[in-house]
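# Overview (structure and organization)
Chain by chain, the residues run as shown.
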Amino acid sequence: MRLKAMTSASVLALCLGFAGGLMGPSAAAAQVSYTLSDFTGKSVHSAEDMVRHIPNFVLSGSNGNGNVLIDGQRPGEGLSEALRRVPASMVERIERIPAGTGSHDFQGHNELINIVRKPTDKPVVTLNYGGNIYTGGRVKPQFGLTWLKKRAGKTLEAGLNYFQNNDDGTGRGDKYTTYADGTEKHHITQSRGNSEGLEARVKWAGSAYGGYMSLEGKVRPQVSGFDADYTGDTLESEARKTENLNTEFSGSYNRDVVNNVNLRLDMWARENRNTYERNYLRPTYTSDYVEEKITAEGNLSGQATWRKNSALTLQAGAEHRYNVFDSESLSTGSWMTPDDIVTPGVVHGEENRGKVYISSNWRPADNITIDGGLMVETADIYHRGTYSARETYSYSRPRLSVNWRPDDRLQVRISREREVGGLGYWDFVSVAQWQYEKPEQLLAPVNLVPYRQWADQISLDYRFADKGQLVINYQQYQIEDAIERVPVYTENAVHDAVGNIGDGENQRLSTRLSLPTDGLLTDEGGMVHFNATWNESEVTDPVTGEKRRISGQTPVTLSLNFSQDKPLYSWGWSVDKGWDNTTWRYNQVSRSLGSPWVSLYAEYRPNHKLAIRGELQNLGSRTSTYEATRYEGLRGISEVAYHESSVRDSEPRLYLRIRNEL
């Protein structure tokens, strides 16, 4: 493919790593601790702020596999979100734990940060209030409250968040359609979208039954709406409303059962009740659609870990996940006659997925870590509606990685892993309706199985100065049974569905640079972050047989931001390049583009308990462009029916937030 520059850069990264290794391995580092006094002169309000100021440490991982612990346990959510909820005043100390020390499971990380919270005689309450202010004076308020208390090794936490949001994908838009005979039509779209919701949660964690247990519950009601007017030859209007009620419960338990053996159990369950209404109106046509659905899903997993010594850890585990889906829908409109009998559509679906795995983590030397494992994954998908369908899949997923850290600043990682993509329920249904309900109409078979790919990766991570970092990462994927939209050939027409299009490949080169600007652009506390990703892929088009890029893939993504932290304030700006991707269907080629997103922020922090933040977001009024060429039939052999181009500008906004610890 056309990635010689990418491959060369990756080889250079590896060579730099080996060159750095000539300095020889360093001795195992000792554990160190930080307290709030170590951040004197820094503007810190939460554990997240404190971690950000730790030299040569960068947050990595999430959802139970990150490099940060809170009271010795990994958060089951995003690291930044979990750390942000811990006030700086509640941090007793921060432990920096090098690999090979202590009894923690490092999960391939070279070091861990452990946030130890101090006991409190009274709860710590933090308030967040603010909102977005849009052009024209519209205000969308937000409010949050966190209540936190720790005593006798047990922590109780509660939170409440209220929010209103505006849909950034709405506003005024212009659509131009040019037909094959040269006729052009101009349509104006004026749309509005918003949402309002509330989230309440409570979490308990602490010592129980000889181990450590955590329990958490959440409830989230939300209402969102959308309405639009389409002005062209005639006036058309559309209105949509969605009501959601999400509930979630999760828990985990772990304990040391015998010497050096730890057992961990995790579970979560979610339910979503959704009501969706859509009304469409034209001068001579009306359409109404109502759908009610309930989705319930859950997960249960167990893992046993044996730490033979500081150099070798073995793990074995299993996981089961289920998903149950029930819906009832009704569609009515002006096409109906008084004698028509309206019958609701009823659908029931089930997904059951299972995993069993074994893995090992071996440190043959202080600066080398070898991770390996084997997972077997199964999936069973069932659908019942006007027809019944069921498919079962089973795949193995081996993996192996080698991490080499010649010194405290440089890390080189090489890995190979077999990945299996998840097959969505509705993707399965889009093909199953032909395979099970109307097989006699098919002129050619349609297949849909999960894609598999061998993922090879080489990365270099170099730390410099106090917080400087350069990461170069090259990934190559050999794809089996790639999934895209495919034509379905029947006796009377060609239809569109999700299906397999054969094998393909994808290559990605990404780089991340964090550059301290002290003495260069600023006096102190300045940092520039640059992120870039280059993608190059190749699959076989199911219609023309020609080679092309994967649908929806943006070739290049770029972002640049600057920030400066001072004792009393911080400020910064960010620029995101936007996107540019092309999607292919059997009778259409479409392209989506987004212009840069520019933001500016400033935050005032007079003390450890109060922070006032303002953000000017979307200063450039991001423009979203959609272009499409529609054909009379199959691309490549049919005439063009029309070209379509839509342009919409989003509006800038001012975000204000006050964070106050009581």
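Structure: see above.
So, how was this worked out
- Residues numbered from 1 in each chain as written.
- Predicted model: local features only at pLDDT ≥ 70, side-chain atom pairs only at ≥ 80, totals over all residues.
- Heavy atoms only, no water.
- Helix = DSSP H or I, 4+ residues; strand = E, 2+ residues; numbered from the N terminus.
- Buried < 20%, exposed > 50% of the residue type's maximum accessible area, 1.4 Å probe, protein only.
- Contact = heavy atoms within 4.5 Å.
- Lys, Arg positive; Asp, Glu negative; His and termini not counted.
- Charge placed at Lys NZ, Arg CZ, Asp CG, Glu CD.
- Salt bridge = Lys/Arg side-chain N within 4 Å of Asp/Glu carboxyl O.
- Patch = residues over 30% accessible without salt bridge, like charges linked within 9 Å, V, L, I, M, F, W, Y side chains within 5 Å.
- Areas by Shrake-Rupley, 256 points an atom, 1.4 Å probe, with all protein chains shown as cover.
- Core = buried A, V, L, I, M, F, W, Y, C linked by side-chain atoms within 4.5 Å.
- Pairing = 2+ DSSP bridges.
- Axes fitted to C-alpha atoms, helices over the stretch in contact; angles between N-to-C directions.
- Phe/Tyr/Trp six-rings, centres within 6.5 Å; stacked < 30°, edge-to-face > 60°.
- Lys NZ or Arg CZ within 6 Å of the ring centre and 35° of its normal.
- Bend = angle between axes of the 7 residues up to and from the residue.
- 1 Å grid on protein atoms, 1.4 Å probe; cavity = no way out; pocket = protein on both sides within 12 Å on 5 of 7 lines; lining within 4 Å.
- Points joined across faces, edges and corners; volume = space filled by probe spheres on them.

## Regarding the overall build of the chain
- Along its length, the chain carries 4 helices and 34 strands.
- The C-alpha extent of the chain, read off along each of the three principal axes, is 80 × 55 × 55 Å.
- Expressed as a percentage of its 662 residues, the buried residues of the chain come to 42%.
- Contacts spanning at least 24 positions in sequence make up 62% of the contacts within the chain whose residues lie at least 6 apart.
- Each charge class in the chain was averaged separately, 74 positive and 83 negative side chains, and the resulting centres sit 7 Å apart.

## A short note on the pattern of salt bridges
- In the structure shown here, the tally under the stated rule is 46 salt bridges.
- The partner of R273 in a salt bridge is E271, and the shortest N-O contact between them spans 3.2 Å.
- Taking relative accessible area as the criterion, R273 reaches 42% and is therefore assigned partly exposed.
- A salt bridge links R657 to E603, with the shortest nitrogen-to-oxygen separation between them at 3.2 Å. Remark: E603 occurs in strand β30 (residues 597–607) and R657 occurs in strand β34 (residues 653–661); sequence separation between them is 54 residues.
- Bridged by salt links that share partners, the residues E603, R605, R613, E615 and R657 form one connected network.

## Considering a nonpolar patch on the surface
- A grouping of L560, L568, Y569, W571, W573, V575, L600, Y604, I612, L616 and L619 is seen on the molecular surface, where their side chains present a nonpolar patch of about 910 Å² in accessible area.
- Of all the secondary-structure elements, those providing two or more residues to the nonpolar patch are β27 (569–576), β30 and β31 (610–617).
- With 4 residues, the top contributor of residues to the nonpolar patch is β27.
- Here V575 lies in strand β27.

## Digging into the nonpolar core
- Counting 22 residues, the largest nonpolar core has I381, Y393, Y425, F428 and V488 as the members making the most contacts within it.
- Setting aside anything within four residues of it in sequence, one finds I381 in contact with E350, E351, R353, A389, R390, E391, Y393, L423, Y425 and F428.
- Among the nonpolar cores identified, the runner-up in size contains 19 residues, and V44, V51, F57 and A88 belong to it.

## Some thoughts on the sheet that holds strand β1 (residues 32–34)
- What the 4 strands build is an open sheet, ordered β1-β3-β4-β2; its pairing is mixed. Edge positions in the sheet fall to β1 and β2 (68–70), since each has one partner strand and no second. Taking each pair of neighbouring strands and ignoring which way they run, the sheet shows an average axis angle of 20°.
- As defined by bridge partners, β1 adjoins strand β3 (residues 91–98) across 3 bridges and the pair is classed as antiparallel. By the bridge assignment for β3, V32 is matched with R96.

## Considerations on the packing of aromatic side chains
- Enumeration according to the criterion identifies 8 aromatic pairs in this entry.
- Ring centres of Y462 and F464 lie 6.1 Å apart, and the angle between their planes is 20°; this geometry places the pair in the stacked category.
- Each member of the aromatic cluster is reached from another via a ring pair, and the members are F562, W571 and W573.
- In this structure, R282 is placed above the aromatic ring of Y285, and the distance from its NZ or CZ to the ring centre is 5.1 Å.
- One Lys or Arg, R613, reaches over the ring of Y601 and ends 4.2 Å from the middle of that ring.

## Observations concerning helix α4 (residues 425–437)
- A maximum bend of about 40° is found in α4 at V431.
- Of all the residues in α4, the buried ones are Y425, F428, V429, S430, V431, A432 and W434.
- Residues of α4 that are buried make contact with β14 (312–333), β15 (345–365), β16 (368–384), β17 (388–404), β21 (483–489) and β22 (494–500).

## Observations concerning empty space enclosed by the protein
- A complete count under the given rule lists 1 cavity of 30 Å³ or more for this structure.
- In this structure, the largest cavity encloses a volume near 60 Å³.
- Forming the boundary of the largest cavity are R353, E377, T378, A379, Y393, Y395, V420, G421, G422, L423 and P450.
- Listing elements by their share of the lining of the largest cavity, those giving two or more residues are β16 and β17.

## Re the pairing of β27
- In the sheet, strand β26 (residues 556–565) pairs with β27 via 7 bridges, with the strands oriented antiparallel. Within β27, the residue paired with F562 across the bridge is W573.
- Count of turn residues in the β26/β27 antiparallel hairpin: 3 residues.
- Of the strand pairs in this sheet, β27 and β30 are connected by 8 bridges, and their pairing is antiparallel. Each residue of the ladder has a partner; that of V575, found in β30, is V598.

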